[in-house]
Amino acid sequence: VKPVYSAEAEAYRAVIKAFLKENLPAGWRGMWALKGDERAEFADTWRAKLYENRLIAPAWPVKYGGGGLSPVERLVLAEEFTKVAAPPSLEVDMGGIGLLGPTLLTRGTEEQKTYFLPRILSGQDRWAQGYSEPEAGSDLASLRTRAELVDGSWVINGQKVWTSLAHRANWIFVLCRTDPSASQHRGISFLLVPLDQPGISIRPLINIVGTHEFNEVFFTDARTEAKMIVGQPNEGWSVANSLLGVERLSGATMYGVYKDELDRIIAMAKERRLSSDPIIRQRLAWSYSKVEILRYLGMKVATRLAADMPAGPESAVIKVLHTEYRKRVLDLAIDIMGLDATTPAGHRPYYPILSDVGAAYSSAGWVDMYLGAQPASIYAGTSEVHRNIIGERVLGLPREPRSGWQRAQLSVGA
Ligand SMILES: Cc1cc2nc3c(=O)[nH]c(=O)nc-3n(C[C@H](O)[C@H](O)[C@H](O)COP(=O)(O)OP(=O)(O)OC[C@H]3O[C@@H](n4cnc5c(N)ncnc54)[C@H](O)[C@@H]3O)c2cc1C
């Protein structure tokens, strides 16, 4: 099947191609080809260029500094960026551009939008996500961090965990229990809290790759102004779920990246004379079919969004498909590499959670990617939890008894 884009989408493709030609350095081969310091330097310059050209948040309305692009134009943009290995904007700021910004656009007050959105776009504010707690992950509604209104401020006490990049953020959006007497998911509020204050301490957690990506965040009489609430007091649960819906959809535009990665795994199988091994061939064919399914699901979602329809429960299918696919295809890469994977050496990826398009990975590169793929089926809701959603919302199977997080996700049309 060869998808046909509208004339407008093709016209937009030409604009994006011209932007990339003009703005990428001559001989550009992707982030992977840069050395350590050069990568950080390029990331800053690239962010500034995307910002100047309103490409840093392509979906946001022009009024707030976004690109005002349609879902199909965004798909075209993702395709063209991938073809030339240009880093997409989400890589530069998932918390602000990827999560909080879209949530403020639909649920924030005008004052919150005009204050925070430009600061996110310019990079002045960096956001962390304060949802999970030690006893509240999948069952998020059992969270215990509390907030009370005292003299015009929310006063917050409790602990969050697995808070990605909190050490590089200056704000955090926090789910807090504001009415302990209400039923689990009714007494929760969604607060915007400055991180740089004496009542907050951030402790690092080191991940499996050995890097510092996430943290524990402790709140001891931390404060934020009364107006720093998104949605009404005690009604933060539906705001929290709007944000999770956005987070799940991030796999919808990944086709180009996954196709490129699979092509490189196929090339590695050929180099190692394993492409005629029947089991390896079968696994490569399985991978190919999954990448194509992901492509068409992404288009389906884009078409629904273009028609002003919600993404629908298929977003749960995309989340499970792309995160589980990634684990299996990188497992295959490791098997193809064989013993070399036990002595990883050489060039490493820029950002192991995603594939660097066109990269010439070493054994260390593939091992990092393999490890980096493991948590994706955990964050933004685990595969098991999403399978429950698919069973009930997509396939119409009988509901299973549940509490908290999942019940409310279903009730807001996950
Ligand atoms: C890399 C990474 C980054 C993260 N970043 C953030 C962040 O920035 N901010 C944040 O707030 N959180 C973050 N998280 C936390 C993430 O949201 C939670 O890990 C996730 O929601 C799962 O919760 P848990 O770890 O407590 O596991 P649990 O909820 O304890 O689950 C344990 C296991 O039980 C299964 N399970 C649980 N309930 C059910 C059920 N009803 N049916 C079937 N199976 C079930 C789960 O699928 C899982 O396999 C991050 C996690 C990772 C791995």
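Here the structure is shown first, and the text comes after it.
Section: the side chain of Asp93
Structurally, the position occupied by Asp93 is in the loop between helix H3 (71–83) and helix H4 (94–107). Of the polar contacts made by the side chain of Asp93, one reaches the backbone nitrogen of Gly96; its length is 2.9 Å. Non-local contacts of Asp93, meaning those with residues more than four positions away in its chain, are made with Arg47, Gly98, Ile120, Asp125 and Arg126.

A look at helix H8 (residues 278–306)
With 29 residues, H8 should cover 42 Å at 1.5 Å per step; its first-to-last C-alpha distance of 42 Å lies within 8% of that length. Every buried residue belonging to H8 is among Ile280, Leu284, Ser287, Val291, Glu292, Leu294, Leu297, Gly298, Met299, Val301 and Ala302, and all of these are buried. Each element contacted by the buried residues of H8 is listed here: H3, helix H7 (255–271) and helix H9 (314–337). Where H8 begins, the capping side chain belongs to Asp277, and its oxygen is found 2.8 Å from the backbone nitrogen of Ile279. Just past H8, the residue Asp308 takes up positive phi, approximately 60°.

Considering the site of the ligand
Residues in close proximity to the ligand total 16 residues, the closest being Ser132, Ser138, Trp162, Thr382 and Glu384. Thr382 has a polar side-chain atom sitting 2.6 Å from an oxygen atom of the ligand. Between the ligand and the protein, one listed contact pairs an oxygen atom with a side-chain N or O atom of Glu384 at 2.6 Å. Look at the ligand: alone it shows 970 Å² of surface, and the protein chains cover 66% of it. At the level of secondary structure, the elements contributing two or more residues to the shell around the ligand comprise strand S3 (153–164) and helix H11 (383–394). A total of 3 residues in the shell around the ligand trace back to one element, the largest contributor, which is S3.

Describing the nonpolar core
Grouped burial of nonpolar side chains is what soluble globular proteins tend to show. Judged by nonpolar contacts, the single largest core of 93 residues is most densely connected at Trp46, Phe81, Tyr131, Phe173, Leu175, Phe190 and Leu192. Among the elements that take part in this core, H9 stands out by supplying 10 residues, more than any other. Among all residues touching Leu192, those that are not within four sequence positions of it are Leu100, Leu104, Gln112, Phe116, Trp127, Trp171, Ile172, Phe173, Thr224, Met228 and Val230. Counting 17 residues, the second largest nonpolar core, distinct from the first, contains Trp154, Val174, Phe219 and Ala222.

Observations concerning the packing of aromatic side chains
Here the structure, examined in full by the defined rule, presents 15 aromatic pairs. Three or more aromatic residues link up through ring pairs in this structure, and these residues are Tyr115, Phe116, Trp127, Tyr131, Trp171, Phe173 and Phe190. Note that Arg13 overlies the ring of Tyr5, its terminal NZ or CZ placed 5.0 Å from the centroid.

Notes on the packing of H4 against helix H6 (residues 236–248)
Two elements in contact, H4 and H6, have axes whose closest approach is 9 Å; the angle formed by their N-to-C orientations is 130°. On the basis of their axis angle, the class for H4 and H6 is oblique. Along this stretch, H4 crosses H6, giving a crossing that reads as right-handed. From H4, Gly98, Leu99, Leu100, Pro102, Thr103 and Arg107 reach across to H6, where they touch Ser238, Val239, Ser242, Leu243, Val246 and Glu247.

Overview of the pattern of salt bridges
This model, assessed by the stated rule, comprises 18 salt bridges. A salt bridge links Lys63 to Glu110, with the nearest nitrogen and oxygen atoms 3.7 Å apart. With a gap of 47 residues between them, Lys63 in the loop between helix H2 (36–52) and H3 and Glu110 in helix H5 (residues 110–122) connect regions that are remote in the sequence. Beyond isolated ion pairs, a larger network of salt bridges with shared partners links Glu10, Arg13, Lys17, Glu79, Glu80 and Lys83.

Notes on the pairing of strand S6 (residues 200–206)
Pairing between S6 and strand S7 (residues 212–225): 7 bridges, direction antiparallel. Paired with Arg203 across the strands is Glu216, a residue of S7. If you look at the hairpin formed by S6 and S7, you'll find 5 residues sitting between the two strands, and Gly210 has a positive phi there, around 90°.

Concerning a nonpolar patch on the surface
Side chains of Val394, Leu395 and Leu397 sit close together on the surface and give an oily, nonpolar patch of about 270 Å² of accessible area. Mapping Leu395 onto the fold places it in the loop between H11 and helix H12 (404–411).

Rules used in this analysis
Residues numbered from 1 in each chain as written. Predicted model: local features only at pLDDT ≥ 70, side-chain atom pairs only at ≥ 80, totals over all residues. Heavy atoms only, no water. Helix = DSSP H or I, 4+ residues; strand = E, 2+ residues; numbered from the N terminus. Polar contact = N/O pair within 3.5 Å; in protein donor to acceptor, adjacent residues only side chain to side chain. Contact = heavy atoms within 4.5 Å. Expected span 1.5 Å × (residues − 1). Buried < 20%, exposed > 50% of the residue type's maximum accessible area, 1.4 Å probe, protein only. Near = heavy atom within 4 Å. Areas by Shrake-Rupley, 256 points an atom, 1.4 Å probe, with all protein chains shown as cover. Core = buried A, V, L, I, M, F, W, Y, C linked by side-chain atoms within 4.5 Å. Phe/Tyr/Trp six-rings, centres within 6.5 Å; stacked < 30°, edge-to-face > 60°. Lys NZ or Arg CZ within 6 Å of the ring centre and 35° of its normal. Axes fitted to C-alpha atoms, helices over the stretch in contact; angles between N-to-C directions. Parallel < 35°, antiparallel > 145°, perpendicular 65-115°, else oblique. Left-handed = near helix turned anticlockwise from the far one by under 90°. Salt bridge = Lys/Arg side-chain N within 4 Å of Asp/Glu carboxyl O. Pairing = 2+ DSSP bridges. Patch = residues over 30% accessible without salt bridge, like charges linked within 9 Å, V, L, I, M, F, W, Y side chains within 5 Å.

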